[in-house]
Amino acid sequence: MTTGTTLTKFILEMQRSYPEAKGEFTSLLNDIATAAKIVTREVRKAGLVDILGGTGKENVHGEKVQKLDVFANETFIKHLEHTGYLAAFASEEMDDFCPVPEYYPRGKYIMVMDPLDGSSNIDVNISIGTIFCIFKRVSKGDHPDVNDFLQCGRNIVAAGYVIYGSSTMLVYSTGQGVHGFTLDPSVGEFLLSHEGIKVPEKGKNYSINEGNYAIWDDWTKRYIEKTKEKREKSLRYVGTLVADAHRTLLKGGVFLYPGDKKNPKGKLRLLYECFPMAYLFEQAGGIATDGKMRILDKTPSELHERSPLIIGSKTDVEEVLNFIKEGM
Ligand code: AHG
Ligand code: MN
Ligand code: MN
């Protein structure tokens, strides 16, 4: 489809060309786009209004909650809970899942999200993001339950992210490839800019927080030392998963947030950071693994479970897996 097609037109045309395409997502993705525009507005003026900084509160992970995290969480829920497609939400910012209020129709999907990814970068004007993924409910009747959220990654029906960077982009997949839309602020529309994103077979960047070197497992040390020796890759690390993943998706290479001696399960959350990125990378021809198994083959046992994450180009991730095998 032609660059510049609006998100709405693109989704409708996709429905026509993919009979199995899920029409229900038209409204949902449009409402996600609306919420993304509102968060963009706050992000773009964050330096001017009192939306920077912390709320003085901590989330379930003991991390300081920034005002923008709360604002983003409330904005996405407010714009999605009325659609009639969702029955409940789970989010990094909420200890437990949150059913859609009973005065709205509860639909057959549930959504998990990281409403504001990269919080530590908010007040230094570095790219941040929102990450989401959608499952079909498994619970019957009126009341969703936690098992709707503790599903295998293979059950994901749609996933995506918004990156609030030099421009705001919405990147998503509903199982028919990965597509990117760039917000044109002059018309307030997301316009198609990256149709059918494919991760290059190999890339020129590796992305990891080298500050954790001292607690890395041996295989991680060996892989990074070897990568440095070969001098074929540059280190690029933003510290916002959405930004590091977006660069890796478009340019190839590998992003790693591995387990280490202090946190064997790593730092990133399986449900709303690893799963959505894994779904997108696999849809784009890349690989997403925790070092032992494909991320999408995992099933969380609790909402905020953490997982090591290695995503990127097929060739580059396979090289990492070889180092892990040698180290076993
Ligand atoms: P969040 O702001 O949603 O808590 O996520 C932060 C995550 C992720 O965005 C990023 O990849 C990672 O934290 C960076 O962690 P380090 O600062 O330990 O490198
Ligand atoms: Mn977050
Ligand atoms: Mn995050």
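Residues numbered from 1 in each chain as written. Chains lettered and ligands numbered in written order. Predicted model: local features only at pLDDT ≥ 70, side-chain atom pairs only at ≥ 80, totals over all residues. Heavy atoms only, no water.

Caption draft 1: Looking closely at the side chain of D290. Counting through the fold element by element, D290 comes out in the loop between β14 (287-289) and β15 (309-312). Reaching out from D290, the side chain makes a polar contact with the backbone nitrogen of M293 at a distance of 2.7 Å. Within the structure, the side chain of D290 is placed 2.8 Å from the side chain of K298, a separation counted as a polar contact. Apart from residues lying up to four places away in sequence, D290 is in contact with I295, K298, S307, P308 and I310. (Helix = DSSP H or I, 4+ residues; strand = E, 2+ residues; numbered from the N terminus. Polar contact = N/O pair within 3.5 Å; in protein donor to acceptor, adjacent residues only side chain to side chain. Contact = heavy atoms within 4.5 Å.)

Caption draft 2: Molecular detail of the domain arrangement of the protein chain. Its domain assignment divides the protein chain into domain 1 (7-194) and domain 2 (205-327). One C-alpha centre belongs to domain 1, the other to domain 2; they are set 23 Å apart. Taken together, the contacts link 50 residues of domain 1 with 33 residues of domain 2. Across the domain 1/domain 2 interface, buried area totals approximately 3,000 Å², and carbon plus sulfur atoms make up 65% of it. The largest per-residue losses of area from domain 1 upon contact with domain 2 belong to L150, R154 and Y161, which jointly make up 21% of the total buried on that side. Where domain 1 packs against domain 2, one counts 3 salt bridges. (Domains from an automatic or database assignment. Buried area = accessible area lost by both parts, 1.4 Å probe. Salt bridge = Lys/Arg side-chain N within 4 Å of Asp/Glu carboxyl O.)

Caption draft 3: Geometry of the coordination of the manganese ion (ligand 2). The protein atoms donating to the manganese ion (ligand 2) are E92 (OE), D114 (OD) and L116 (O), with metal-donor distances spanning 2.0 to 2.3 Å. The sequence pattern describing where the donors of the manganese ion (ligand 2) fall on their chain is E-x21-D-x1-L. A spacing of 3.8 Å is found between the manganese ion (ligand 2) and the manganese ion (ligand 3), which share D114 as a donor. Here the two residues D114 and L116 agree in accessibility, since each one is buried. (Donors = N, O, S within 2.8 Å, 3.2 Å for Na, K, Ca; no water. Buried < 20%, exposed > 50% of the residue type's maximum accessible area, 1.4 Å probe, protein only.)

Caption draft 4: Up close: the site of ligand 1. Residues in contact with ligand 1 amount to 17 residues; listed here are only the nearest, D117, G118, S119, Y237 and Y257. E92 places a side-chain nitrogen or oxygen 3.1 Å from an oxygen atom of ligand 1. S119 is positioned such that a nitrogen or oxygen atom in its backbone is 2.8 Å from an oxygen atom of ligand 1. Look at ligand 1: alone it shows 480 Å² of surface, and the protein chains cover 86% of it. The greatest single-element share of the shell around ligand 1, amounting to 3 residues, is contributed by strand β5 (residues 109-117). Grouping the amino acids of the shell around ligand 1 by side-chain chemistry returns 5 nonpolar, 5 polar and 7 charged. Taken domain by domain, the shell around ligand 1 gets at least three of its residues from each of domain 1 (7-194) and domain 2 (205-327). (Near = heavy atom within 4 Å. Areas by Shrake-Rupley, 256 points an atom, 1.4 Å probe, with all protein chains shown as cover. Nonpolar A, V, L, I, M, F, W, Y, C, P; charged D, E, K, R; others polar.)

Caption draft 5: Representation of helix α3 (residues 67-80) within the structure. When the terminal C-alpha atoms of α3 are compared, their 20 Å separation across 14 residues agrees well with the 20 Å that a helix rising 1.5 Å per residue should span. Within the sequence span of α3, burial applies to L68, D69, A72, N73, T75, F76, I77, H79 and L80. (Expected span 1.5 Å × (residues − 1).)

Caption draft 6: Representation of the sheet that holds strand β8 (residues 168-173). In space, the 8 strands of this open sheet follow the order β4-β3-β5-β6-β7-β8-β9-β10, with mixed pairing throughout. On the outer flanks of this sheet lie β4 (98-99) and β10 (189-194), each paired with one strand and no other. Summarising the sheet, β5 and strand β6 (residues 128-136) pair through 7 bridges and their orientation is antiparallel. Residue pairing across strands places V112 opposite C133, the latter belonging to β6. Each of β3 (86-91), β5, β6, β7 (156-164), β8, β9 (179-184) and β10 is contacted by helix α2 (residues 25-44), which is oriented at about 20° to β7, the strand it contacts most. (Pairing = 2+ DSSP bridges. Axes fitted to C-alpha atoms, helices over the stretch in contact; angles between N-to-C directions.)

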